[in-house]
Amino acid sequence: MTSVNPLLADWNESLGLPRFQDFSADQLVPAFAVAIAAHRDEIDALAGSPEEPTFANTSVALDRSGALLDRVHTVFSNLGSAHTNADWQAAETEMAPVLADHQMFLGLHPALFARLDGLHERRGQLGLTEAETRLIERQHLDMVRQGARLSEAQRDRLTAINATLATLQTQFSQNVLADESGWYLRLVAPEDFDGLPEWLIAATGSAASDAGLEVGASIVTLSRSIVVPFLTYSHRQDLREQAWRAWVNRGANGGPTDNTLIIESILGLRH
């Protein structure tokens, strides 16, 4: 019997939260493959419906589509930002162009846009509420901005550009995260703690323990939950400056995690 990928299983934790401890990087790509395929089937069925387009069978159906993909992507985004590792980052890099391609599938779907375009033209005659009208207008504008009215050649070029952008943006984020996780500032002397509330002092001790440092050590990391309150409360201007410079220079320190060339490429492609 084939086991169910935990990323695709029902979540029944308190408040409907996922069991993050059950997830691993090797589950990510297979889960996305299933979720993307399911979403495409939904969109093709919606767009190919023989029924006259209505707010319910077109706009609402589009808004509600892709629920499984949304769930997988939410886990992917949260763990990729807060609890990443080399395997997870490799999966992120692999998925970036795939997700970009799926986004282009949605934005450039001709039959879907035809239904939505007709609905958009008639929106003032459908007796819709202000919120319902806004949903149609937002969906229509999103598809236009994603290239629904471009020529075939322009669509192909836009798809290629977006795939490259997705890969570059993933690398950008991973470089920032690498610089963030690789830096810390030791607090040693009693005056190093001047101004810090007790809960923040405790957090710096926990951060040192998590980093595998000796018992009793305290460090300021670039985790937002530590560095931001440290910059807020610390009385030590010299230490605040060290932490602030490390924070704002993430991805701009030279070497393999430097984002300078990546930024130039991203800006060029966006232009």
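About the cut-offs
- Residue positions are given per chain, counted from 1 along the sequence in the order it is written.
- In keeping with the predicted nature of the model, local features appear solely for residues at pLDDT of at least 70, side-chain atom pairs appear and are counted solely at 80 or more, and the whole-chain, interface and lining totals rest on all residues.
- The side-chain values count all of the structure's non-hydrogen atoms but skip hydrogen atoms and water molecules.
- Only runs of H or I of at least four residues qualify as helices and only runs of E of at least two qualify as strands under DSSP, and these elements are numbered from the N terminus.
- Relative accessibility thresholds used throughout: buried, under 20% of the residue-type maximum; exposed, over 50%; partly exposed, between the two (1.4 Å probe, protein chains only).
- Lines fitted to C-alpha atoms define the axes, with helix axes restricted to the stretch in contact, and inter-axis angles between N-to-C directions lie between 0 and 180 degrees.
- An angle below 35 degrees is treated as roughly parallel, one above 145 as roughly antiparallel, one from 65 to 115 as roughly perpendicular, and anything else as oblique.
- Crossing handedness follows the turn of the near helix against the far one: under a right angle anticlockwise gives a left-handed crossing, and clockwise gives a right-handed one.
- Contact criterion: two residues are considered in contact whenever any of their non-hydrogen atoms come within 4.5 Å of each other.
- Side-chain classes are defined by residue name, with Ala, Val, Leu, Ile, Met, Phe, Trp, Tyr, Cys and Pro counting as nonpolar, Asp, Glu, Lys and Arg as charged, and the others, Gly among them, as polar.
- A pair of Phe, Tyr and Trp rings is counted when the ring centres sit within 6.5 Å of each other, with Trp represented by its six-membered ring. The angle between the planes then sorts it: under 30 degrees is stacked, over 60 is edge-to-face, the rest tilted.

*Asks:* Sorry if this is basic, but what is going on with the environment of arginine 157 here?
*Replies:* For arginine 157, the position within the fold is in helix H7 (residues 152-181). Since its relative accessible area comes to 62%, arginine 157 is described here as exposed. Placed 95 residues apart in sequence, arginine 157 and alanine 252 show a C-alpha to C-alpha distance of 30 Å.

*Asks:* What exactly am I supposed to notice about the environment of alanine 67 here?
*Replies:* Mapped onto the elements of the fold, alanine 67 is located in helix H3 (residues 67-82). By relative accessible area, which is 47% here, alanine 67 ends up partly exposed.

*Asks:* Any chance you could explain the packing of helix H4 (residues 86-107) against H7 here in plain terms?
*Replies:* Geometrically, a packed helix pair is captured by the angle between its two axes and the distance between the axes. One can describe the packing of H4 onto H7 by two numbers: an axis separation of 8 Å at closest approach and a directional angle of 150 degrees. The angle between H4 and H7 places the two elements in the roughly antiparallel class. When the axes of H4 and H7 are compared, the crossing they make is right-handed. Taken together, the residues of H7 that come into contact with H4 (itself represented by Gln89, Glu92, Thr93, Ala96, Pro97, Ala100, Asp101 and Met104) are Leu158, Thr159, Asn162, Ala163, Ala166, Thr167, Thr170, Gln174 and Leu177. Residue classes in the contact of H4 with H7 are distributed as eight nonpolar, seven polar and two charged.

*Asks:* Just to check I follow, could you spell out helix H9 (residues 224-233) for this structure?
*Replies:* Note that an α-helix has 3.6 residues per turn; residues three or four places apart therefore point the same way. Listed in full, the buried residues belonging to H9 are Ile226, Val227, Pro229 and Phe230. Looking at the packing, one finds that the buried side of H9 touches helix H8 (198-210), strand E2 (219-221) and helix H10 (237-248).

*Asks:* Is there a simple way to explain the packing of aromatic side chains in this structure?
*Replies:* Working definition: an aromatic ring pair is given by the centre-to-centre distance plus the angle between the planes. Overall, the coordinates contain three aromatic pairs when judged by the stated rule. Ring geometry for phenylalanine 20 versus phenylalanine 23: centroids 6.2 Å apart, planes at 80 degrees, classification edge-to-face. Taking the relative accessible area as the measure of exposure, phenylalanine 20 reaches 36% and is therefore partly exposed. A relative accessible area of 11% places phenylalanine 23 in the buried class. Centroid distance phenylalanine 32 to phenylalanine 76: 5.2 Å. Interplanar angle 85 degrees. Geometry classified as edge-to-face. Highlighted residues: phenylalanine 32 in helix H1 (residues 28-47) and phenylalanine 76 in helix H3, separated in sequence by 44 residues. Assessed through its relative accessible area of 0%, phenylalanine 32 is described here as buried.

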